[in-house]
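Listed below, chain by chain, are the residues.
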Amino acid sequence: MQITLLLAWLVGVFGAGSPVVATLSNEKLELIQYAHGRAIDEGINPAKFIKLLNCESGLKKSAIGDKGKANGIAQFWKGTFDAYKKIYGLVGEYKNPYSQINLASLMIGDGLVSHWYWCGIKSGFIKK
């Protein structure tokens, strides 16, 4: 997706005054563009996927949460990342945002969005 179209799409998803749109950097745009493509590849809603990642990490590749146990754009715990990486036969590094996006999109595509329960609700993947 071209950057201008991506920006227009993001404004539609988050709103023009959204902090997500207001704080976009080239790095975040690249990650969003990549996540959008992965969502399409896995048959999941790209807007919901981007919202989930934003909810989890603010789209920051170096985000740390869960009292230091969760890292990265998709807030994986290392053990969870390693276990599912093995299940899916993926090659990738735990703190690499593209590896996390790959794994998260595969898991969500397979119905495993409950790993991101609260953000799954906020993003619209999980109906409460």
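Each remark here, short or long, concerns the structure printed above.
A brief structural summary. Residue indices follow the written sequence of each chain, beginning from 1 at its first position. Local features in a predicted model are, by the rule used here, given only for residues with pLDDT of at least 70; side-chain atom pairs are given and counted only at 80 or more, and totals for whole chains, interfaces and linings are based on all residues. Computation of side-chain values: all heavy atoms of the structure, hydrogens and water removed.

1. Things to note about the packing of aromatic side chains
To pair, rings of Phe, Tyr and Trp, with the six-membered ring standing in for Trp, must have centres within 6.5 Å; the planes then decide the type, stacked if under 30 degrees apart, edge-to-face if over 60, and tilted in the middle. Using the criterion set out here, one finds five aromatic pairs in the structure. Here the aromatic rings of Tyr-34 and Tyr-98 are separated by 4.9 Å at their centres, their planes lie at 85°, and the arrangement is edge-to-face. Taken as a pair, Tyr-34 in helix α3 (residues 26-42) and Tyr-98 in helix α6 (residues 97-109) lie far apart in primary sequence, 64 residues in all. Ring geometry for Phe-76 against Trp-116: centres 5.5 Å apart, planes inclined by 80°, an arrangement best described as edge-to-face. Linking Phe-76 in strand β3 (residues 76-77) with Trp-116 in the loop between α6 and α7 (117-123), this pair joins segments that are 40 residues apart in sequence. Across the pair, Trp-116 and Phe-76 agree in class, each one buried. Following the ring pairs from residue to residue traces out a cluster consisting of Phe-76, Phe-81, Tyr-94 and Trp-116. Helical segments are the DSSP runs of H or I of at least four residues, strand segments are the runs of E of at least two, and each set is numbered from the N terminus. Three labels apply to residues, based on accessible area from a 1.4 Å probe with only protein chains included: buried if under 20% of the type maximum, exposed if over 50%, partly exposed otherwise in between.

2. Looking at the environment of Lys-85
Among the secondary structure elements, Lys-85 is positioned in helix α5 (residues 78-88). Spatially, the C-alpha atom of Lys-85 lies 19 Å from that of Ile-44, the residues being 41 residues apart in sequence. Apart from the residues lying within four places of it in its own chain, the contact partners of Lys-85 are Leu-90, Gly-92 and Leu-103. Contacts described as polar in this section are N or O atom pairs within 3.5 Å, which, within protein, must combine one atom able to donate a hydrogen with one able to accept it, while residues neighboring in sequence count only if both atoms come from side chains. For Lys-85, the side chain forms a polar contact with the main-chain oxygen of Gly-92, separated by 2.9 Å. In this analysis, two residues are considered to be in contact whenever any of their non-hydrogen atoms come within 4.5 Å of each other.

Bear in mind that shape data such as this cannot, by itself, settle questions of function.
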